[in-house]
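Inside the fold
Each chain, written out:
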Amino acid sequence: MTTVRSVADALDRIRGPATTVTTYGPERDEALHAFLERFDVELHHERLPVPADAGYLTVRRGGEYRGSVPAPVFADAVDPPRGAPWSPEVRESGYGDLGTLLAGARFTSLARPHLLATSREIEDRAFRVGRGTLYAGFQSLSAYRAQLPVYERLVAETDLTVHVYGTADWTPPATEGVTVHTGTSGRETSGDGDAAADEPGAADELGTFWFVAFDGGDDDSMACALVAVEVGDGAYRGAWTYDPALVREFAAYLDATYGADDLEQSSDSSEQNG
Amino acid sequence: MTQQDTLSDLFRTLSHPHRRVVLYYLRAHETASLDGLAECVTGWTESGAGTETGGDAGGYETVRIQLHHVHLPMLTGAGFVTYDVASGDVTLRDLPRVAETVLSTAASVDAGDGELDVDALAASAGE
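The shown structure was predicted, so the numbers you read here are calculated from the model rather than taken from an experiment.

1. Focus: the interface of chain B and chain A
- Across the contact, 19 residues belong to chain B and 19 residues belong to chain A.
- For the pair chain B and chain A, the two sides together bury roughly 1,500 Å², of which 58% comes from carbon and sulfur.
- Between E39(B) and R60(A) there is a salt bridge, with its nearest N and O atoms 2.6 Å apart.
- Between the two partners, chain B and chain A, sit twelve residue pairs in polar contact (both at pLDDT 80 or more).
- Secondary-structure elements contributing two or more residues to the side of chain B that touches chain A are α2 (17–29) and α3 (34–47) of chain B.
- Among the elements that take part in the side of chain B that touches chain A, α3(B) stands out by supplying nine residues, more than any other.
- In terms of residue class, the side of chain B that touches chain A is made up of nine nonpolar, six polar and four charged.

Have a look at this one:
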């Protein structure tokens, strides 16, 4: 795999084989279909004379059967839970099961709650592994503000290294283990907003993309990344992936472009390269 | 063949959940492909209600092979379906009325939505 050249390029490379979703049940679950229609998938409904609760969906990718999700979980897909990554409602929700099956399929218009739920899945993976590096792009740092308690706990209770990215419209407090990058050169979190960008466009892409990536620590099977770009009205297009090679390339790009060490925001400025 | 033999054959034909799910699907769709049936049965076994045991479909490929080698030939032998091995097309034939009754009752049980209505079955079998 050649090197990822930008966040946009990373998104471009998340490209799974053609995905087909078939729902089975007494009638189409319209809310679920409306959700699935936001993805680049071929969508079918097959009527089965069973109660709605006994329905299910199946997913094929590249013609191969990949798995199924039971109907009682559909509501989680349409209206995902909004708790912290480690909360039981997130852990036990079926959103992640469906999300795993939809990896590699592009979405054209997802609202923030769904992106947040997908981000939670990735953060929870990082939390469970407890080591490795988590990369989180918030577009603007003010969006990080609401997530600060979550990220403070992530680094407090694990050996994770966390990198946070966003344009500097808010100055987060220093959190040990969390490095904040604003895409400007020099002191990245100085917040004076006058520093010239190292690379033109670098800060732009941070303001444009919502991304969360976890390198899996030493477990490739836990690597995952979400990359999305706002297309207006709070809707995003993008995709997520569980391809460890691609996640590694994306992480390498972020490290190379915005820095990998955590000198700026860490109150403990000792070297701590992951 | 006695009535009792007929009933035994019927219950033997309908004894495997995969064969029942195939018939549930075909009663709604008339025709299906082998691949389509394998997907439906695998999903049902993994995820459908009434599979609180966790479901052990053995995976899509296993289900597909079993349908091809065991279940569809058996349903064909019972006269319930026609199976074109070359094309993979499966078509429902006219079912005996008792089979319709048993399947309707079994469907709700298999879907975890009902108890076996023995009276209805007995009444149907006695017709």
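Read on for the rest.
2. Examining unusual backbone geometry
- If you check the backbone angles, D233(A) has positive phi at about 55 degrees while not being a glycine.
- Topologically, D233(A) is positioned in the loop between β10 (224–232) and β11 (235–241).
- Even without glycine at this site, E30(B) takes up a positive phi of about 70 degrees.
- Structurally, E30(B) can be placed in the loop between α2 and β1 (31–33).
- Given a relative accessible area of 46%, E30(B) falls into the partly exposed group.

3. Here's the deal with the packing of aromatic side chains
Residues and elements named next belong to chain A.
- According to the stated counting rule, one finds 18 aromatic pairs over all chains in the structure shown.
- When the centroid spacing of 5.3 Å and the interplanar angle of 70 degrees are considered together, the rings of F35 and F39 count as edge-to-face.
- Using a relative accessible area of 4% as the deciding quantity, one classes F39 as buried.
- Ring geometry for F39 and F107: centres 6.0 Å apart, planes at 70 degrees, overall edge-to-face. On the criterion of sequence distance, the pair formed by F39 in the loop between α2 (30–36) and β2 (41–47) and F107 in strand β5 (residues 107–111) is long-range, its members being 68 residues apart.

4. Remarks on the confidence of the model for chain A
All names here are of chain A.
- Residues at a pLDDT of 70 or more form 88% of chain A, whose mean pLDDT is 87.
- The low-confidence segment residues 186–200 (pLDDT under 50) makes 20 contacts with residues lying over four places distant or belonging to another chain.
- Low pLDDT, under 50, characterises residues 262–274; the stretch is placed with 24 contacts to residues that sit more than four places away or in other chains.

5. Focus on the domain arrangement of chain A
Residue and element names in this part refer to chain A.
- Once the domains are mapped, chain A shows domain 1 (1–12 + 105–265) and domain 2 (17–102).
- Spacing between the C-alpha centres of domain 1 and domain 2 amounts to 27 Å.
- Taken together, the contacts link 21 residues of domain 1 with 23 residues of domain 2.
- Taken together, the two surfaces of domain 1 and domain 2 that pack against each other cover about 2,000 Å², and 61% of this comes from carbon and sulfur.
- It is A105, H114 and W240 that lose the most area in domain 1 upon contact with domain 2, and together they represent 27% of the buried surface on that side.
- Taken together, the connections running from domain 1 to domain 2 amount to zero salt bridges.
- Elements with a minimum of two residues in the side of domain 1 that touches domain 2: β5, α6 (112–129) and α8 (148–156).

What counts and what doesn't
- Residues numbered from 1 in each chain as written.
- Chains lettered and ligands numbered in written order.
- Predicted model: local features only at pLDDT ≥ 70, side-chain atom pairs only at ≥ 80, totals over all residues.
- Heavy atoms only, no water.
- Contact = heavy atoms within 4.5 Å.
- Buried area = accessible area lost by both parts, 1.4 Å probe.
- Salt bridge = Lys/Arg side-chain N within 4 Å of Asp/Glu carboxyl O.
- Polar contact = N/O pair within 3.5 Å; in protein donor to acceptor, adjacent residues only side chain to side chain.
- Helix = DSSP H or I, 4+ residues; strand = E, 2+ residues; numbered from the N terminus.
- Nonpolar A, V, L, I, M, F, W, Y, C, P; charged D, E, K, R; others polar.
- Buried < 20%, exposed > 50% of the residue type's maximum accessible area, 1.4 Å probe, protein only.
- Phe/Tyr/Trp six-rings, centres within 6.5 Å; stacked < 30°, edge-to-face > 60°.
- pLDDT = per-residue confidence, 0-100.
- Domains from an automatic or database assignment.

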